[in-house]
Amino acid sequence: MAKESGKKKLEMIKYAFEIWGKSAFFNTSLKYVAQKFNITKQGLLRHFKTKEDFFKAMFDYFFQFYFKMLDEIINIDIKKFNLESFIEFYVKKHFNFFLDNLGFFFFFTSPIFKKYYLKSKEFIEYEEKQSLILKELFIK
């Protein structure tokens, strides 16, 4: 049963990125997600205790993919790059990541996202690691 519930939660999260992404995360009512699954908003809240919990789950889902992409950036062999080629590599990675999933882009640029990423120690650590790479390339 717990596995079934986890699968349903994941489907709801994916759908939220799809439906809310189309409207750039404006009018993010849980009722739109609930309707897709033929349940009420209260039924949706059986899976996620609050709307905040739902957004937190979306944040976690997004970051499992975003951090994987950032790992590809911060684990590169910096010796193979000059500043210009690294910036080109960096921009292409981000551009392709968001182009492959516009829902992620709209989430990333939404006020909802800003509310959570500022609290994420892991996000801050990735930002610091990227800054160190840029610093090293500037010095080089």
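Note that the structure is predicted; figures quoted are calculated from it, not measured.

## Some points on the packing of aromatic side chains
In step 1: Summed over all chains, the structure comprises 33 aromatic pairs.
In step 2: Relative to Y61, the ring of F17 has its centre 5.8 Å away and its plane inclined at 40 degrees; by these criteria the two rings are tilted. You can see F17 sitting in helix 1 (residues 2-22) and its partner Y61 sitting in helix 4 (residues 51-74), a full 44 residues away along the chain.
In step 3: Under the relative-accessibility criterion, F17 is labelled buried at 3%.
In step 4: The buried category is assigned to Y61, whose relative accessible area is 13%.
In step 5: Ring plane angle 25 degrees and centroid distance 6.4 Å describe the contact between Y66 and F123, whose orientation is recorded as stacked. Placement of the pair is Y66 in helix 4 and F123 in helix 8 (residues 121-139), with a sequence separation of 57 residues. Note on accessibility: Y66 and F123 belong to one class, buried.
In step 6: Lying over the aromatic face of F48, K9 brings its terminal NZ or CZ to 5.3 Å of the ring centre.

## Section: the environment of F37
In step 1: Relative to the elements of secondary structure, F37 occurs in the loop between helix 2 (30-36) and helix 3 (41-44).
In step 2: As a C-alpha pair, F37 and M12 span 25 residues in sequence and 8.0 Å in three-dimensional space.
In step 3: Discounting chain neighbours no more than four positions away, the residues touching F37 are K8, E11, M12 and Y15.

## Some points on the confidence of the model for the protein
In step 1: A residue-level look at the protein finds 91% of positions with pLDDT of 70 or above and a mean pLDDT of 84.
In step 2: The lowest-confidence element of the protein is helix 7 (residues 111-117), averaging 75 in pLDDT; the highest-confidence one is helix 5 (residues 83-100), averaging 93.

## Quick notes on the packing of helix 4 against helix 8
In step 1: Remark: helix 4 packs on helix 8, axes separated minimally by 11 Å, with the N-to-C direction vectors making an angle of 20 degrees. The orientation of helix 4 with respect to helix 8, classified from their angle, is roughly parallel. In this structure, helix 4 crosses over helix 8, and the sense of that crossing is left-handed. In this structure, helix 4 uses F63, Y66, F67, L70, D71, I73 and I74 to contact helix 8, whose residues at the interface are E122, F123, Y126, K129, Q130 and I133.
In step 2: Residues that form the contact of helix 4 with helix 8 fall into these classes: nine nonpolar, one polar and three charged.

What counts, and where the lines are drawn
- Residues numbered from 1 in each chain as written.
- Predicted model: local features only at pLDDT ≥ 70, side-chain atom pairs only at ≥ 80, totals over all residues.
- Heavy atoms only, no water.
- Phe/Tyr/Trp six-rings, centres within 6.5 Å; stacked < 30°, edge-to-face > 60°.
- Helix = DSSP H or I, 4+ residues; strand = E, 2+ residues; numbered from the N terminus.
- Buried < 20%, exposed > 50% of the residue type's maximum accessible area, 1.4 Å probe, protein only.
- Lys NZ or Arg CZ within 6 Å of the ring centre and 35° of its normal.
- Contact = heavy atoms within 4.5 Å.
- pLDDT = per-residue confidence, 0-100.
- Axes fitted to C-alpha atoms, helices over the stretch in contact; angles between N-to-C directions.
- Parallel < 35°, antiparallel > 145°, perpendicular 65-115°, else oblique.
- Left-handed = near helix turned anticlockwise from the far one by under 90°.
- Nonpolar A, V, L, I, M, F, W, Y, C, P; charged D, E, K, R; others polar.

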